[in-house]
Amino acid sequence: MEILRETVPGALVRVVTEHKVIVDRFVALNESTTPPRLRLANLSQWQLTHVRELRVLNGSQEPVATARPHAGVLGRIAHLQETWGSRLAAPAADLAIVGTLTWLREELGAFLCAEGEYPDRPQKLTDDLAKASARRKPYKVDVGHGSLADVILPKGAKVSTWFTRLYPASRVEDQLPLPKDLTAVILDGNSAIKHLGELEASVVICILDRSVADETAAELIVQLRNTRGEPVAIPEDLGWSQPVGVEVLAFTVAL
């Protein structure tokens, strides 16, 4: 209410409700009704009792409304429930992933789970999976409720909120230098890792594919560590122990 009273008509706002995330132009706040109503330019009116978060945005964007994403199992593991609404309203948008976009988008459709937990899936998807299993046919899962994409929220043409930029490894040199507001960059595969020396993000994560005979990317990382790196102890400094079958090497370098 306090934000809306100070917002000028025509300002771009992002509204988070129980079920939607909306970006639209603010028109008016009607306090003569009970409960008060928020009026938007293109997407009707909303009772303020249904609004969970609201932010005034800078810049321009076409009006858009999308279903509110749910972080699912990973969100519960990472204790994101308490801050999820505010993250959707004011996303940091400070992560980038560089790799083969076709593979990345397919993998982002995966549902994350943990022992004793089950992915949050719409009932229709659960029913479709059961039918496909009964017919013994594969079923392609689209990116949706409770998927990895719902956690990292990649930027798209018509999205109301996003956390992550995706760059194709084959054309990332056309995007260099990457935006200064990036805090972390994930380089997925050898073709992405070859650009390691050109990045200035605070955290860079390289994912090596050991099934490929080409060791060029691994050699580039080891050379960087040997010439400019200071070792980082994974358990002590990062507070993390890699799972079985995963090899991890960490170090810092001066930018």
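Small disclaimer: the values here were computed from a predicted structure and weren't measured. (Residues numbered from 1 in each chain as written. Predicted model: local features only at pLDDT ≥ 70, side-chain atom pairs only at ≥ 80, totals over all residues. Heavy atoms only, no water.)

A. Examining the sheet that holds strand 9 (residues 184–188) more closely. Sheet architecture is open: four strands sit in the order 8-7-9-10, paired in parallel fashion. A single partner strand is all that each edge strand has here, and the edge strands are strand 8 (164–168) and strand 10 (203–207). Within this sheet the neighbouring strands show an average axis-to-axis angle of 15°, counted without direction. Strand direction decides the pairing type here: strand 9 and strand 10, joined by five bridges, are parallel. Its bridge partner lying in strand 10, L187 is registered against C206. (Pairing = 2+ DSSP bridges. Helix = DSSP H or I, 4+ residues; strand = E, 2+ residues; numbered from the N terminus. Axes fitted to C-alpha atoms, helices over the stretch in contact; angles between N-to-C directions.)

B. A look at the side chain of H195. Mapping H195 onto the fold places it in the loop between helix 7 (190–193) and strand 10. A relative accessible area of 6% means that H195 is categorised as buried. H195 has contacts with A169, V172, E173 and L176, leaving out every residue within four places of it along the chain. (Buried < 20%, exposed > 50% of the residue type's maximum accessible area, 1.4 Å probe, protein only. Contact = heavy atoms within 4.5 Å.)

C. A look at the pattern of salt bridges. The tally for this structure, following the rule as stated, stands at five salt bridges. Two residues, R165 and D181, come together in a salt bridge whose shortest N-O distance is 3.3 Å. Placement of the pair is R165 in strand 8 and D181 in the loop between strand 8 and strand 9, with a sequence separation of 16 residues. By relative accessible area, which is 14% here, R165 ends up buried. In this structure, the salt-bridge partner of K180 is E200, at a minimum N-O distance of 3.5 Å. Taken together, the residues span a long stretch of sequence, with K180 in the loop between strand 8 and strand 9 and E200 in the loop between helix 7 and strand 10 at a distance of 20 residues. In this pair, the class of K180 matches that of E200, namely exposed. (Salt bridge = Lys/Arg side-chain N within 4 Å of Asp/Glu carboxyl O.)

D. Representation of empty space enclosed by the protein. This model, assessed by the stated rule, comprises one cavity of 30 Å³ or more. One number sums up the size of the largest cavity: a volume of about 40 Å³. Lining the largest cavity, in full, are N190, L208, D209, R210, V212, D214, E215 and A218. (1 Å grid on protein atoms, 1.4 Å probe; cavity = no way out; pocket = protein on both sides within 12 Å on 5 of 7 lines; lining within 4 Å. Points joined across faces, edges and corners; volume = space filled by probe spheres on them.)

E. Focus on the packing of aromatic side chains. According to the stated counting rule, one finds one aromatic pair in the structure shown. Arranged with centres 5.8 Å apart and planes meeting at 85°, the rings of W84 and F163 form a pair that is edge-to-face. Of this pair, W84 sits in helix 3 (residues 84–89) while F163 sits in the loop between helix 6 (148–152) and strand 8, placing them 79 residues apart in sequence. (Phe/Tyr/Trp six-rings, centres within 6.5 Å; stacked < 30°, edge-to-face > 60°.)

F. Examining the pairing of strand 8 more closely. Counting buried positions along strand 8 gives five out of five residues, so the element sits mostly inside the fold. Neither face of strand 8 is exposed, since T164, L166 and P168 on one face and R165 and Y167 on the opposite face are all buried. Judged from the five bridges that link them, strand 7 (residues 95–99) and strand 8 form a sheet pairing that is parallel. Among the inter-strand pairings, A96 is bridged to a residue of strand 8, identified as R165.

G. Just the environment of A218, in detail. For A218, the location among the structural elements is in helix 8 (residues 216–228). Note: C-alpha distance between A218 and C206 (12 residues apart in sequence) is 9.3 Å. With residues near it in sequence (within four places) discarded, A218 still touches L208 and R210.

H. Examining the nonpolar core more closely. Counting residues in each nonpolar core, the largest one holds 17 residues, and the members touching the most others are V98, Y167, L178, V185 and L187. Of all the secondary-structure elements, those providing two or more residues to this core are strand 7, strand 9, helix 7 and helix 8. Ranked by the residues each element gives to this core, the list is headed by helix 8, at three residues. Ignoring sequence-local partners within four residues, the contact set of V185 consists of A96, V98, L178, L199, A201, V203, V204 and I205. Formed by 11 residues, the second largest nonpolar core is a distinct cluster that contains V13, I22, L29 and L40. (Core = buried A, V, L, I, M, F, W, Y, C linked by side-chain atoms within 4.5 Å.)

I. Summary view of unusual backbone geometry. Of the consecutive residues T34 and P35, the connecting peptide bond is found in the cis state with omega at -5°. By the element assignment, P35 lies in the loop between strand 2 (20–30) and strand 3 (37–40). The amide bond that connects L176 to the next residue, P177, takes the cis arrangement and shows omega of -5°. Tracing the sequence through the fold places P177 in the loop between strand 8 and strand 9. The phi angle at H79 is positive, at roughly 60°, despite the residue not being glycine. With respect to the secondary-structure elements, H79 resides in the loop between helix 2 (72–77) and helix 3. We classify H79 as exposed; its relative accessible area is 59%. Its identity as a non-glycine residue notwithstanding, A93 has a phi of 50°, on the positive side. For A93, the position within the fold is in the loop between helix 3 and strand 7.

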